[in-house]
Amino acid sequence: MTVAFRNTGGTAVRSGTVTFGTHIIGALGIDWATIESAEELPVPIGAGAERTKTWTVCVDAWRVPLGMHIETRDVAVEWK
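Please read all numbers here as calculations on a predicted model, not as lab measurements.

### With respect to the environment of H23
Note that H23 resides in strand β2 (residues 16-25). Sequence-wise, H23 and E36 are 13 residues apart; in three dimensions their C-alpha atoms are separated by 8.8 Å. Beyond its immediate stretch of four places on either side in the chain, H23 contacts D31, A33, T34, H69, I70, E71, R73 and D74.

Structure, rendered in structure tokens:
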């Protein structure tokens, strides 16, 4: 998952986390579960600057039975 972070504020971002919500989807499109994983932000991000970072989002194989698949649909950021 590649995410671009853009700081539109007037001061640098010095810390924070990004949380990914990976959904386990059944063969008929039913959303069975959401697994969250959190990573540290690629800081510092200066005022007016942008930083891009790529993460590998994994889910244990036993959580995804045959015929199901995963989709990372949600991304939430908390920064300071």
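Okay, back to it.
### Topic: the sheet that holds strand β3 (residues 31-40)
With antiparallel pairing, the three strands of this open sheet are ordered in space as β3-β2-β5. Only two strands of the sheet have a single neighbouring strand rather than two, namely β3 and β5 (69-79). Across this sheet, the average inter-strand angle for adjacent strands is 20°, counted without regard to direction.

### Details of the side chain of H23
Here H23 falls in the buried class, since its relative accessible area comes to 8%. Side-chain polar atoms of H23 contact the side chain of D31, separated by 2.5 Å.

### As for a nonpolar patch on the surface
There is a patch of nonpolar side chains on the surface, built from M1, V75, V77 and W79 and spanning about 320 Å² of accessible area. Its place among the elements puts V75 in strand β5. Classification of V75 by relative accessible area gives partly exposed; the value is 41%.

### Section: the nonpolar core
Inside soluble globular proteins, nonpolar side chains tend to come together where they are buried. In this structure, V3, F5, V13, V18, F20, L41, I45, W55 and V57 together form the largest nonpolar core, which totals nine residues. Only β1 (2-6) and β2 provide two or more residues apiece to this core. Non-local contacts of L41, meaning those with residues more than four positions away in its chain, are made with F5, V13, S15, G16, T17, V18, V77, E78 and W79.

Scoring rules and cut-offs
- Residues numbered from 1 in each chain as written.
- Predicted model: local features only at pLDDT ≥ 70, side-chain atom pairs only at ≥ 80, totals over all residues.
- Heavy atoms only, no water.
- Helix = DSSP H or I, 4+ residues; strand = E, 2+ residues; numbered from the N terminus.
- Contact = heavy atoms within 4.5 Å.
- Pairing = 2+ DSSP bridges.
- Axes fitted to C-alpha atoms, helices over the stretch in contact; angles between N-to-C directions.
- Buried < 20%, exposed > 50% of the residue type's maximum accessible area, 1.4 Å probe, protein only.
- Polar contact = N/O pair within 3.5 Å; in protein donor to acceptor, adjacent residues only side chain to side chain.
- Patch = residues over 30% accessible without salt bridge, like charges linked within 9 Å, V, L, I, M, F, W, Y side chains within 5 Å.
- Areas by Shrake-Rupley, 256 points an atom, 1.4 Å probe, with all protein chains shown as cover.
- Salt bridge = Lys/Arg side-chain N within 4 Å of Asp/Glu carboxyl O.
- Core = buried A, V, L, I, M, F, W, Y, C linked by side-chain atoms within 4.5 Å.

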